[in-house]
Each structure stands twice: as structure tokens, then as C-alpha cells.
Amino acid sequence: MIPPIHPAERITHCVEKSELLDALRVFLPTEAILFEPETLKPYECDGLAVYQTLPWVVVLPSTVEAVQNILRLCHQYGVPVVARGAGTGLSGGALPLENGVLISMVKFNNIRAIDGKNLVAVVEPGVTNLAISKKVVADGLYYAPDPSSQIACTIGGNVAENSGGVHCLKYGLTTHNILRLKVVTMTGELLVIGSHGFESEGYDLLAILTGSEGMLGIIVEVSVKLLPQAPSCQVMLAVFDCVETAGEAVAGIIAAGLIPAGLEMMDNTAICAAEDFCHAGYPVTAQAILLCEIDGTVEQVTEQSEQLYALLLRLGAQTVDIARDELEQEKMWAGRKAAFPAVGRISPDYYCMDGTIPRYQLGAVLKTIAELSIKYGLPVANVFHAGDGNLHPLILYDGNVPGDFEKAEKLGSDILLLSIRMGGTITGEHGVGVEKINHMCVQFSLATLNQFHAIKEAFDEKGLLNPGKGLPSLRRCAEFGAMHVHQGELSHKDLPRF
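Conventions we followed
Residues numbered from 1 in each chain as written. Predicted model: local features only at pLDDT ≥ 70, side-chain atom pairs only at ≥ 80, totals over all residues. Heavy atoms only, no water. Buried < 20%, exposed > 50% of the residue type's maximum accessible area, 1.4 Å probe, protein only. Helix = DSSP H or I, 4+ residues; strand = E, 2+ residues; numbered from the N terminus. Arc of directions from axis to C-beta. Contact = heavy atoms within 4.5 Å. Pairing = 2+ DSSP bridges. Axes fitted to C-alpha atoms, helices over the stretch in contact; angles between N-to-C directions. Core = buried A, V, L, I, M, F, W, Y, C linked by side-chain atoms within 4.5 Å. Patch = residues over 30% accessible without salt bridge, like charges linked within 9 Å, V, L, I, M, F, W, Y side chains within 5 Å. Areas by Shrake-Rupley, 256 points an atom, 1.4 Å probe, with all protein chains shown as cover. Salt bridge = Lys/Arg side-chain N within 4 Å of Asp/Glu carboxyl O. Disulfide = S-S within 2.5 Å.

Chemist: Before we go on, may I ask you to explain helix H4 (residues 129-136) in this structure?
Modeler: Because the α-helix completes a turn every 3.6 residues, residues three or four places apart line up on one side. Listed as buried for H4 are Asn129, Ile132, Ser133 and Val136. Viewed end-on, H4 has its buried residues packed into an arc of 90°, placing them on one side of the element. Exposed residues lying more than 90 degrees from the buried face of H4 are Lys134 and Lys135. The inward-facing, buried residues of H4 abut strand S5 (111-115), strand S6 (120-123), strand S7 (141-142), helix H5 (155-161) and strand S10 (218-225).

Chemist: Just checking my understanding: could you explain the sheet that holds strand S4 (residues 101-104) for this structure?
Modeler: Backbone-to-backbone hydrogen bonds pair the strands of a sheet. The strands run either parallel or antiparallel. With mixed pairing, 4 strands are arranged side by side in an open sheet as S1-S2-S4-S3. Where the open sheet ends on each side, the last strands, each with one partner, are strand S1 (33-34) and strand S3 (81-84). Taken together, the 4 bridges between S3 and S4 define a ladder with parallel strand orientation. Directly across from valine 82, in S4, lies its bridge partner leucine 102. Where helix H1 (residues 17-24) meets the sheet, its contacts fall on S1, strand S2 (57-59) and S4, and the angle it forms with S2 comes to roughly 10°. Here helix H3 (residues 64-77) sits on the sheet and contacts S2, S3 and S4; the angle it forms with S4, its principal contact strand, is near 170°.

Chemist: I would appreciate a short explanation of the sheet that holds strand S8 (residues 178-184) in the present structure.
Modeler: One open sheet holds the 5 strands; their spatial order is S5-S6-S10-S8-S9, and the pairing between them is antiparallel. Each edge of the open sheet carries a strand with a single partner, namely S5 and strand S9 (190-194). Strand after strand, the sheet turns through a mean of 15° between neighbouring axes, direction not considered. Pairing of S8 with S10 involves 6 bridges; the strand directions are antiparallel. Bridged to valine 183 within S10 is isoleucine 219. Each of S5, S6 and S10 touches H4; the most contacted strand, S5, lies at about 45° to it.

Chemist: Looking at this structure, I do not really get the nonpolar core. What am I missing?
Modeler: A general trend in soluble globular proteins is that nonpolar side chains are found buried together. Ranked by size, the top nonpolar core spans 63 residues in total, and within it Phe240, Leu290, Leu312 and Ile395 carry the most contacts. Ranked by residues supplied to this core, first place goes to helix H14 (residues 404-421) with 8 residues. Every residue in contact with isoleucine 395, bar those within four places of it in the chain, is listed here: Asp349, Tyr350, Tyr351, Met353, Leu378, Pro379, Val380, Ala408, Leu411, Gly412 and Ile415. With 30 residues, the next largest nonpolar core counts Ala23, Leu28, Val59 and Ile103 among its residues.

Chemist: Got a minute to help me understand a nonpolar patch on the surface in this structure?
Modeler: Taken together, Tyr203, Leu205, Ile208 and Ile455 make up a surface patch of nonpolar side chains, about 390 Å² in accessible area. Inspection of the secondary structure assignment puts tyrosine 203 in the loop between S9 and helix H7 (205-209). Residue classification places tyrosine 203 among the exposed positions, given a relative accessible area of 77%.

Chemist: How should the state of the cysteines be read in this particular structure?
Modeler: Here, disulfide denotes a covalent bond that connects the sulfur atoms of two cysteines. Under the criterion given, the structure shown has 1 disulfide. Across the disulfide, cysteine 441 is cross-linked to cysteine 477 (sulfur-sulfur distance 2.2 Å). One disulfide, between cysteine 441 and cysteine 477, carries an S-S torsion of -85° and so falls in the left-handed class. In this pair, cysteine 441 is assigned in helix H15 (residues 440-443) and cysteine 477 in helix H17 (residues 474-486), connecting sequence segments 36 residues apart. Grouping residues by exposure puts cysteine 441 and cysteine 477 together as buried. Of the cysteine sulfurs around cysteine 14, a residue in no disulfide, the closest is that of cysteine 74, at 15 Å.

Structural data, given as C-alpha cells:
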């Protein structure tokens, strides 16, 4: 296994820790600087806990000026920097460095302004996703992206990873729901990217920053779009006796011209785990279920619900249950929202993957994942955003069994390679981080990777922001590619041209 931070991607510096700490104390209070091992331990990993590194120093700024000063200081000394939000990321994007500064943004947790007339909320990056919708619910508004971790994940992290959620099919990912960012560069410069208007002049740097995984700048303010709550919605639960049929039904729904607000899928393993955990009323004998939500005006919901009900039956659903009221709707969604912790109850460990494929390939991909599960002898629970083809296979393993994690990692790698072969991508919303950095060498050509590095250099000339994440070095690509060609898993035509 190639290590998560490749030796060629490590940054060395000559400053002593004591010198750096003295310089930080000039503008940060003592309690905002952590450097003892027992205080650093909580920051050693993010949600991908299999990779752990104790950071050199952790700082907890509370003002934009403090963030600027920290970055200027680290730029002066050549010290690498990693930004961290709530630590719920699942790709190792917030994995610290043993010789770097980790900036925790948890103190940036204020909602600065709500403009209901123009449907905009201005928030700090440490505000949780769900807190925005709770703040504006009395005004009949909400923030559309709703990842399953929305109770804990923060907006800054959502922007860094371009998070989605169960309603991304109709309402888009984070990139479709933000208007403006304030970002501090590695040199301490404060940039304002985007605007509160419908368009902003110049290049669309807002899209470049969204999903950049903390490698271009540190976000200190986000302006998000608010939406009026739909007057009406309806939730259906369609039961299938075949996973592949359920996958093919997803493509059939979209092909029929229906765009549900949410379209989620769970297989039998995930169904049983969720039902045992929160008693959502899921049929434990079903091989797969689709959760479909239609929203809009009362007339739209009535008409489209009738169409969807008939369509699901034609596409192979055994039964279709319709929620009778808001309480039943919440109950249906509760199982899906709780799927990840529910699966955690049935296995000592699980490895959550994140790849995206064309919807019409869902049936074939799910069949192949089942074959890979048998090949490696590890169960896989499938729960994902079916509407946009964003897979989240949960690979069950036991970290106490020697070799089990390595098998899980290899199975996950095969799923990512499968996603690429099927015309998809290695990530939908979790990001690349350290988890998928090797697979960037397969997905993208050398020319494209060079363009990515050029953008990185334009924002961060010394490469100090989140090094070793997202963008692979050419040496890493050569090693990963050679390894997989040797094992007969890839052909040379699949690899970047060096």
C-alpha cells in the first residue's frame, strides 16, 4: 500500500517549535494554541480514522485577522498548514501533518446575517449545515444541501468537499447553492470570490474554490442561497426483490422526465441495519428500496405522485407505499439518514466509499460490487444518492483481524476503478483527500493533472496549504500505475501519459 502522504509530497522546514509558538503567542491567546500530546490527540484524524497523525501544533483562531496572521507566519517559516472544520470528512482531507500547523475553525460559528428578501444567509465556516435551516424555518425558508452528517458537519467543510445530500438531485450540490466566499490565501491576503448578485464578473473562481479541499485558501465566510419551503411534498417507498432492478428503475424515472427532490436507494443489508436501529418501518425481506420525494405546489405534487406511483410499478417495484402524513414522511427518511450509524452497529468497522457513475450503469455496477464482495469475502451495504449516481458502498470488516482492512481498502479501490471504467468519477461529495489520491492518476491525464497543479501554484506558490492531499505527484502516479499494471488490473492505456 502506498502511504497516504507520499515522501515526495512532504514539506520540510527548519523552524523550531519553540520559536513558532513564541511567534504565535504574539497575536493568539495561550488557550488558542495547543502543542502538548494530550491536547493534540483529538485532532489526529477526521472521519477516515484508519489514517492518524498527531499534528505538530493546533491553533484555534476566532477572528479573520488571526487567520491572516497565522498564514503569514507559516508562509514566512515555510510551515505547512491544514484547515479543519468539524472533522466529519471521510477522505482524510483534514489529516494533520507531524511537522505542520492545523487550524481549527470551530470558533467561527456565527450566522452573521439573514436577508430573507433576497434569499441569502451570510455565515461563518464553523456554522453547522442544519443550523442554517433551523435559523430560517420560521420565515418559511431553508438551505437545500443536506448531507447525512448535517447535524454536525460545517459549511466550511461542505464548501471544501462540495457536499451534497439526499436532495441534491433536484436542488444541486454545495457549488449550486453558494453565492460568495471570503477566503484567506497562504500569504494572508483576504479575497472576496463571487457576489450576492445573480452573476459576478470575471472568471468563475467560486466554482474552483468549491471542492478544492483546503488546498487553495482558508474559508472565513460563506454566503449561501436560501429557498422557500415547498408548499407540498410526498414521499414514497418502493420495494424491489432485486437490487439490479431497483438500480435500473432509477434511470427509468429520470428518463420519464420526472425529477424527484430526493431519490435514494438502500440494499437489504442497509435496510435491515436501519430498521433494527430506528424502526422506520422498512420491509426487511426486500432486496432493495427506493425512497422518492416529490415536492412543489399541491397540484404538481398530486399529478407527479400519481405518475411516479404507476411508473415504479411498471419498472418492477413489488409494492409502493405512500406516506400518509408528515410524521410518516419523517419516519421514512429517518432510516436513510441513520443508515451510516446503523451499519456501524452490525460490524466492528466499515469503510465508506464514494464514487459516482452514470445512472444507467447502476444495475451493472451493483451486480459487480456484489461479485467483488464475494471475491474479497467482505459484506457490502449499499446506501446512496441514486438520483445522481453517487454510490456509498459501506465495506464491512474487522480492524482487529490481520489483513482485513487491507482487503477492505483493496475492495474499495476496485469499486473506484470500476466507477472510472463505467464513465464515472472517483468522488461525488467526500473529496479525494488522501484516500483517493492514487486514483487521480487513473482518472486524469498528465496534461490535466498539470493544469490542476498550475491552479494550485497560482493560489499557493510554495505548496504549503494541505500538501499531500487531492493532487498526486508524478512519482506517486508512476508507482500506483506500475503496481496496478503489474497486477493485471489496468492496461497501460488507462494510465496518464508521462
